[in-house]
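Listed here are the chains, written in short residue letters.
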Amino acid sequence: MHDRILITQAGLAERTRKSRWPARLDLLQSATGLLLALFLCGHLFFDSSILIGKDAMWVVSKFYEGYFFFGKAHPWLVSLVAGLLFVVFMAHALLALRKFPVNYRQYRTIRAHVRAMRHGDTRLWLWQVYSGFLLFFFGAAHLYQMAFWPQLIGPHASSDRIWSDALWPFYLILLTVAVLHAAIGLYRLALKWGWPRFSRPVLKFLRGTLFAFFLTLGLLALAQYMWIGLLHSDHYGERYTPSWAAPETQTAQGETP
Ligand code: HEM
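First things first, this report covers the structure right here in the doc.

A few points about the overall build of the chain
Along its length, the chain carries 10 helices and zero strands. When the helices and strands of the chain are listed from N to C terminus, the series reads α-α-α-α-α-α-α-α-α-α. Evaluated residue by residue, the chain yields a buried proportion of 23% over its 257 residues. If you take every contact in the chain between residues at least 6 apart in sequence, the share linking residues at least 24 apart comes to 76%.

Given below as structure tokens:
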């Protein structure tokens, strides 16, 4: 009787139709995940321009600051993109929270299921939870830094950050976790929505290839930033400008007025 009153008071008794919201939220979660995964792939290509050389990375970073359109660098453009990405990132995290185990008991239950079922894709789901959890912290910290100090991006500024400011362990974790999360996420998206319509073994192969390719690319780029940072450590804070480009006035912190 008491339960019935509660149900009526909560307005649940009038619910005749099943809600479409869970499906809509699922779609939104997939869409934000796809956007972030595609961004990461593009981002790792741009980031690894450092493998071609300092000039290539300088061109890429200045391109995003609008230097080649306005004749002057506007780092706030990078802040704008980082801010927008932060919104997508938070939306994706919020939607994912719906499916996280909310207490230790639930966590133990899912672990027990995974062990009992011995089903690879179910195990992968748990990996998605672990890597997603780490991204709450590592992804957010990185976006925060890029949004508030966009002027500190460049062949020397980035290398100084990675080597002299000792952020390479941070990037090592961010890289591994982000690439893992994106590769598993894209695989799960393909299975869920049926596109691209490949067989499961083919999708598994693509997942492994994506993971290995972007992890290797990222690791090579990270090693290059570390190497440049090491060689540049005596000149920490000095910015890089190619000899053919107009020199920009800079403060010791690398700010471009
Ligand atoms: C507009 C937003 C972003 C900007 C401007 C940006 C910029 C950069 C830059 C310049 C680096 C080189 C290291 C440094 O200078 O500190 C870097 C590294 C990295 N970023 Fe981002 N990033 C953005 C968003 C993201 C997001 C959303 C992710 C994924 C969660 C991500 C993942 C990474 C990873 C994994 C690395 C390390 C790459 C490597 O070690 O080779 N970034 N990012």
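Some thoughts on unusual backbone geometry
With an omega of -5°, the peptide bond between W195 and P196 qualifies as cis. Relative to the assigned elements, P196 resides in the loop between α9 (168-193) and α10 (200-231). Even without being glycine, R118 reaches a positive phi, approximately 50°. Looking at the secondary structure, you find R118 in the loop between α6 (104-117) and α7 (120-148). For R118, a count of 8 C-beta atoms within 10 Å puts it in the exposed group.

Points about the packing of helix α2 (residues 21-47) against helix α5 (residues 76-97)
Between α2 and α5, the shortest axis-to-axis distance is 9 Å and the interhelical angle comes to 135°. Of the possible angle classes, the one that applies to α2 and α5 is oblique. For the crossing formed where α2 meets α5, the hand is left-handed. Along the contact surface, α2 presents L25, L28, Q29, T32, G33, L35, L36 and F39, while α5 presents L85, V88, F89, A91, H92, L95 and A96.

Points about the site of the ligand
Neighbouring the ligand are 23 residues; A82, S158, G218, A221 and L222 lie closest to it. Elements represented by at least two residues in the shell around the ligand include exactly α2, α5, α7, α8 (155-162), α9 and α10. Considering only residue class, the shell around the ligand consists of 16 nonpolar, five polar and two charged.

What counts as what
- Residues numbered from 1 in each chain as written.
- Predicted model: local features only at pLDDT ≥ 70, side-chain atom pairs only at ≥ 80, totals over all residues.
- Helix = DSSP H or I, 4+ residues; strand = E, 2+ residues; numbered from the N terminus.
- Buried ≥ 20, exposed ≤ 12 C-beta atoms within 10 Å, placed from the backbone.
- Contact = placed C-beta atoms within 7 Å.
- Axes fitted to C-alpha atoms, helices over the stretch in contact; angles between N-to-C directions.
- Parallel < 35°, antiparallel > 145°, perpendicular 65-115°, else oblique.
- Left-handed = near helix turned anticlockwise from the far one by under 90°.
- Near = placed C-beta within 6 Å.
- Nonpolar A, V, L, I, M, F, W, Y, C, P; charged D, E, K, R; others polar.

This is a description of form; function is not addressed.
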